[in-house]
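Residue-level structural notes
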Amino acid sequence: MKEFHPRILVFCCNWCSYAGADLAGVSRLQIKPHFRVIRTMCSGRIEPEFVLDAFRTGTDGVLITGCHPGDCHYISGNYKARRRFYMLRVLLRELGIDERRFKLEWISAGEGGKFQKVVNEFVEHITGLGSSRKNPGPQC
């Protein structure tokens, strides 16, 4: 039996969480390798279609990371991301996709340890849920 390795997509805002991911890397913190980072200028720029397309193409989990509320480089982008996150959770549920496969987390540039912890916990969580491809929801 082949061991399951999840496919996880992590959207990181350029100004905070991507720098936190970089800090985790240069600090040589151990992070499970089963994720890919997509660097965005702001968490508020992550369109719902990006998340839906990720799940449609077989991604097992999607994590959005951004600046802490009140610290957004673009002033209110993270508030926009938070509103979209809650709307998308409802939509995913309606499409038959387990909403536990989708997460939003605030990580600042100086929180490399938090980035490590959040990603490792999310990888473990998704690994526990298993593949999203064995019981795919409707094609969106």
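Preceding this section is the structure that the text describes.
Residues numbered from 1 in each chain as written. Predicted model: local features only at pLDDT ≥ 70, side-chain atom pairs only at ≥ 80, totals over all residues. Heavy atoms only, no water.

Some remarks on the overall build of the protein chain
From N to C terminus, the protein chain includes 4 helices and 4 strands. The helix and strand sequence of the protein chain, counted from the amino end, reads β-α-β-α-β-α-β-α. Rg of the C-alpha trace for the protein chain: 15 Å, near the compact-globule value of 14 Å for 140 residues, within the 12% margin. Judged by the C-alpha coordinates and their principal axes, the protein chain covers about 40 × 35 × 15 Å. Burial status across the protein chain gives 46% buried among its 140 residues. When contacts within the protein chain are restricted to residue pairs at least 6 apart in sequence, those whose partners lie at least 24 apart make up 81%. Put simply, the protein chain shows about 7,700 Å² of open surface, and 52% of that area lies on carbon and sulfur atoms. (Helix = DSSP H or I, 4+ residues; strand = E, 2+ residues; numbered from the N terminus. Rg over C-alpha atoms; globule rule 2.2 N^0.38 Å. Buried < 20%, exposed > 50% of the residue type's maximum accessible area, 1.4 Å probe, protein only. Contact = heavy atoms within 4.5 Å. Areas by Shrake-Rupley, 256 points an atom, 1.4 Å probe, with all protein chains shown as cover.)

A closer look at unusual backbone geometry
Despite not being glycine, R28 shows a phi value in the positive range, around 60 degrees. In this structure, R28 sits in the loop between α1 (17-26) and β2 (35-40). Note on R28: relative accessible area 71%, which makes it exposed. In this structure, I75 takes a positive phi of about 75 degrees despite not being glycine. Note on I75: relative accessible area 68%, which makes it exposed.

What about a nonpolar patch on the surface?
Where nonpolar side chains cluster on the molecular surface, the patch consists of W15, M41 and Y74 and spans about 300 Å² of accessible area. Relative to the elements of secondary structure, Y74 occurs in the loop between β3 (61-66) and α3 (77-94). Using a relative accessible area of 40% as the deciding quantity, one classes Y74 as partly exposed. (Patch = residues over 30% accessible without salt bridge, like charges linked within 9 Å, V, L, I, M, F, W, Y side chains within 5 Å. Salt bridge = Lys/Arg side-chain N within 4 Å of Asp/Glu carboxyl O.)

Concerning the sheet that holds β3
With parallel pairing, 4 strands are arranged side by side in an open sheet as β2-β1-β3-β4. For this open sheet the edge positions go to β2 and β4 (102-106), each flanked by a neighbour on one side alone. If you compare each strand with its neighbour and ignore which way they point, the axes differ by 20 degrees on average. Pairing of β3 with β4, which is carried by 5 bridges, proceeds in the parallel orientation. Counterpart to V62 in the pairing with β4 is F102. Packed on one face of the sheet, α1 meets β1 (8-13), β2 and β3 and runs near 115 degrees to β1. (Pairing = 2+ DSSP bridges. Axes fitted to C-alpha atoms, helices over the stretch in contact; angles between N-to-C directions.)

Details of helix α2 (residues 48-56)
Looking at α2, one finds that the buried residues are P48, V51, L52, A54 and F55. Projected onto a plane normal to the axis of α2, the buried residues spread over an arc of 155 degrees and lie on a single side. Summarising the contacts, the buried residues of α2 are in contact with β1, β3, α3 and β4. Where α2 ends, the next residue or the one after it, G58, has phi of about 100 degrees, a positive value. (Arc of directions from axis to C-beta.)

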